Amino acid sequence: MSEIRDVIIIGSGPAGFTAAVYTARANLSPLMFEGSVTAGGALMNTTEVENYPGFAEGIMGPALMEQMRQQAVRFGAEIVTDDVVSVDLTSDIKQVTVGSGATHQAKSVILAMGSGYRELGLDNEKRLSGRGVSWCATCDGFFFRGQHIAVIGGGDSAIEEATFLTKFADSVTVVHRRDELRASKIMAGRAAANDKISFAWNSEVADVLGDEKVSGLRLRDTQTGHERDIDVTGVFVAIGHDPRSELVTGQVDLDDEGYVLVEGRSTLTNLPGVFACGDLVDHTYRQAITAAGSGCAAALDAERHLAALEDALRPLADATA
Amino acid sequence: MGQSTITVTDASFDADVIKSDKPVLVDYWAEWCGPCRMVAPILEEIAAEHADKLTIAKLNVDENPQAAAMAGVTSIPTLAVYQGGQVVKMIVGAKPKQSLLSDLSDFI
């Protein structure tokens, strides 16, 4: 088995990379696993990031993640492109097994796996995925040129996606369960001013229609229950995210929705030496910058933990000297 | 392109994919598609390791809109396995190597 590392970081979004920079600068030689197809986290699927502080003109999501990665590498973080398939975090020495089959050991682990797209949960949504149903506008918008499409959701992500999609689609209908958006004022304003965007308020998706590909949506009025069909050939689901905590279920304490529980404002989980940060923990804010901040906290918490471990061993070392 | 995969175009699709005697996995991709780039090295490995059973062909959707439209591709990366001139399997989205090998187990 390989040597025992000080810290392993699972996840490569803003939380993971900030943790990598801080632990590397603390001479802890962090080992980070960035997923084989998920490296860079959620920002890899967005275009311009205008609200990350420090970039007055904005920056493209993938470019921002590339900068974070380079910064981590510069200070000595070891980044391996592989997927973590299982972990055992319950003992003092944590075990992390990756896709290639290798198992790595560490005294501490920082969990930064983030979150994944939430699905509506309809059978036809799954069936028609890639055939008109998508969860990523920047990925798939290209294929909906000149079409009439729908975006499901009412938050910033939904409005951002709807606005982006007007570059390709002829019309975008935003389908939202309530009668007003959750999105920030500036985003809502942009959407309202966009001729190609219209709204289906108080509407939820009862079903996705189509045989070989999407041909429409069946909407249900959330107040009257009345159903009606709309003709669309694309459906983008932007209803939020669910934490990617499957890897640690049964080991680390989670809340009802699967978010990892931490102590107060720290990143400490119920397991000693295991720290959690970013969208894996955060229900409330879920911004790149709040994730980055918590990644820093995780690194500092891990550093303190490792220093305490050393201190605990020192009397033993002194006694045998 | 890489060493183990081949490149196909709208023009060569019939000869290279439809008329192939071996199953062909067509990788529909584009430059601007991040996940497509991430899955590319994985496909190179699979192509090299299973060359006798499966051909892996890359088709750039920007340059070859016809083939993509015919296949009903609305999301990339889409990996479509053609056998006997028909699509027998469609894998949508970037997946890790283990996952792809499992999806392709009927062919390799």
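Scroll up to find the structure this text is about.
Residues numbered from 1 in each chain as written. Chains lettered and ligands numbered in written order. Predicted model: local features only at pLDDT ≥ 70, side-chain atom pairs only at ≥ 80, totals over all residues. Heavy atoms only, no water.

Enquirer: How should the overall build of chain A be read in this particular structure?
Expert: Along its length, chain A carries 7 helices and 19 strands. Once the C-alpha set of chain A is aligned to its principal axes, its extents read approximately 80 × 40 × 35 Å. Counting only residues that meet the buried cut, chain A has 49% of its 321 residues in that class. When contacts within chain A are restricted to residue pairs at least 6 apart in sequence, those whose partners lie at least 24 apart make up 59%. Element-wise, carbon and sulfur atoms account for 48% of the exposed surface of chain A, whose accessible area totals about 15500 Å². (Helix = DSSP H or I, 4+ residues; strand = E, 2+ residues; numbered from the N terminus. Buried < 20%, exposed > 50% of the residue type's maximum accessible area, 1.4 Å probe, protein only. Contact = heavy atoms within 4.5 Å. Areas by Shrake-Rupley, 256 points an atom, 1.4 Å probe, with all protein chains shown as cover.)

Enquirer: I would appreciate a short explanation of the nonpolar core in the present structure.
Expert: Counting 41 residues, the largest nonpolar core has Phe13(B), Tyr28(B), Val61(B) and Ile76(B) as the members making the most contacts within it. With 5 residues, the single largest contributor to this core is helix α5 (residues 156–165) of chain A. Among residues more than four places away in sequence, those in contact with Val61(B) are Phe142(A), Phe143(A), Tyr28(B), Trp29(B), Ala30(B), Ala68(B) and Ile76(B). Core analysis: the next-biggest nonpolar cluster, separate from the first, contains 31 residues, Val49(A), Met68(A), Ile79(A) and Ala292(A) among them. (Core = buried A, V, L, I, M, F, W, Y, C linked by side-chain atoms within 4.5 Å.)

Enquirer: What is the right way to read the interface of chain A and chain B from this model?
Expert: For an interface, size is often stated in terms of accessible area lost upon the parts coming together. Between chain A and chain B, the contact holds 17 residues from the first and 18 residues from the second. Between chain A and chain B the total buried area reaches about 1400 Å² when both faces are included, carbon and sulfur atoms providing 64% of it. The largest contributions to the chain A side of the interface with chain B come from Val37(A), Gly130(A) and Phe143(A), which together make up 41% of the buried area. There are 0 salt bridges connecting chain A and chain B. Inspection of the region where chain A meets chain B yields 5 residue pairs in polar contact (both at pLDDT 80 or more). (Buried area = accessible area lost by both parts, 1.4 Å probe. Salt bridge = Lys/Arg side-chain N within 4 Å of Asp/Glu carboxyl O. Polar contact = N/O pair within 3.5 Å; in protein donor to acceptor, adjacent residues only side chain to side chain.)

Enquirer: Even after reading the chapter, I still don't get the sheet that holds strand β10 (residues 133–134) of chain A, so can you show me in this structure?
Expert: Two orientations exist for strands paired in a sheet by backbone hydrogen bonds: parallel and antiparallel. Residue and element names in this part refer to chain A. Sheet architecture is open: 5 strands sit in the order β10-β17-β11-β12-β13, paired in parallel fashion. Among the strands making up the open sheet, the edge pair consists of β10 and β13 (197–200). Of the pairings in the sheet, the one linking β10 to strand β17 (residues 234–237) comprises 2 bridges and is parallel in character. Opposite Ser134, over in β17, you have Phe236 as the bridge partner. Where α5 meets the sheet, it contacts β11 (148–152), β12 (171–175), β13 and β17, and its direction lies at approximately 165 degrees from that of β11. (Pairing = 2+ DSSP bridges. Axes fitted to C-alpha atoms, helices over the stretch in contact; angles between N-to-C directions.)

Enquirer: What is the right way to look at the packing of aromatic side chains in this model?
Expert: When we look at a pair of aromatic rings, we describe it by the centre distance and by the angle of the planes. All told, the structure shown has 7 aromatic pairs over all chains when counted by the stated rule. On the numbers, 6.2 Å between centres and 50 degrees between planes, the contact of Tyr52(A) with Phe55(A) is tilted. For Phe55(A), a relative accessible area of 28% corresponds to the partly exposed category. Cation over ring: Arg25(A) sits above Phe75(A), and NZ or CZ is 4.7 Å from the ring centre. In this arrangement the basic side chain of Lys58(B) is found over the ring face of Trp29(B), its NZ or CZ atom lying 5.3 Å from the centre. (Phe/Tyr/Trp six-rings, centres within 6.5 Å; stacked < 30°, edge-to-face > 60°. Lys NZ or Arg CZ within 6 Å of the ring centre and 35° of its normal.)

Enquirer: What is the right way to read the state of the cysteines from this model?
Expert: Here, disulfide denotes a covalent bond that connects the sulfur atoms of two cysteines. All names here are of chain A. In this structure the tally under the stated criterion is 2 disulfides over all chains. The disulfide partner of Cys136 is Cys139, and the S-S distance across this bridge is 1.9 Å. One quick way to see it: the torsion about the S-S bond of Cys136 and Cys139 is about 75 degrees, and its sign makes the bridge right-handed. Overall, the relative accessible area of 6% leaves Cys136 in the buried class. (Disulfide = S-S within 2.5 Å.)

Enquirer: Sorry, what's going on with the packing of α5(A) against helix α6 (residues 185–193) of chain A here?
Expert: Between two packed helices, both the angle of their axes relative to each other and the distance between the axes serve to describe the pair. Residue and element names in this part refer to chain A. Closest axis-to-axis distance for the α5/α6 pair is 10 Å, and the angle between their directions is 35 degrees. Note on packing geometry: the crossing formed by α5 with α6 is left-handed. Note on element contacts: α6 touches α5 through Met187, Ala188 and Ala191, opposite Asp156, Ile159 and Glu160. Class assignment of the residues belonging to the contact of α5 with α6 gives a composition of 4 nonpolar, no polar and 2 charged. (Left-handed = near helix turned anticlockwise from the far one by under 90°. Nonpolar A, V, L, I, M, F, W, Y, C, P; charged D, E, K, R; others polar.)

Enquirer: Sorry if this is basic, but what is going on with the pattern of salt bridges here?
Expert: Oppositely charged side chains can pair when the atoms bearing their charge come close. Residue and element names in this part refer to chain A. This model, assessed by the stated rule, comprises 18 salt bridges over all chains. Between Glu78 and Arg5 there is a salt bridge whose closest N-O contact spans 2.8 Å. Separated by 73 residues along the polypeptide, Glu78 in strand β5 (residues 78–81) and Arg5 in strand β1 (residues 4–10) bring together distant segments of the chain. For Asp6, the salt bridge identified is with Lys107, shortest N-O distance 3.6 Å. Of this pair, Asp6 sits in strand β1 while Lys107 sits in strand β8 (residues 103–111), and the two are 101 residues apart along the sequence.

Enquirer: Please explain the layout of surface pockets as it appears in this structure.
Expert: What the second largest pocket holds in volume is close to 460 Å³. If you go around the second largest pocket, you meet 25 residues; those closest to its centre are Gly35(A), Ser36(A), Ala39(A), Thr81(A) and Met38(B). Among the secondary structure elements, those contributing two or more residues to the lining of the second largest pocket are α2 (61–74) of chain A together with α2 (34–49) and α4 (97–103) of chain B. Among the elements that take part in the lining of the second largest pocket, α2(B) stands out by supplying 6 residues, more than any other. Looking at the lining of the second largest pocket, its residues break down into 9 nonpolar, 8 polar and 8 charged. (1 Å grid on protein atoms, 1.4 Å probe; cavity = no way out; pocket = protein on both sides within 12 Å on 5 of 7 lines; lining within 4 Å. Points joined across faces, edges and corners; volume = space filled by probe spheres on them.)

Functional significance is not addressed by these values, which are geometric in nature.
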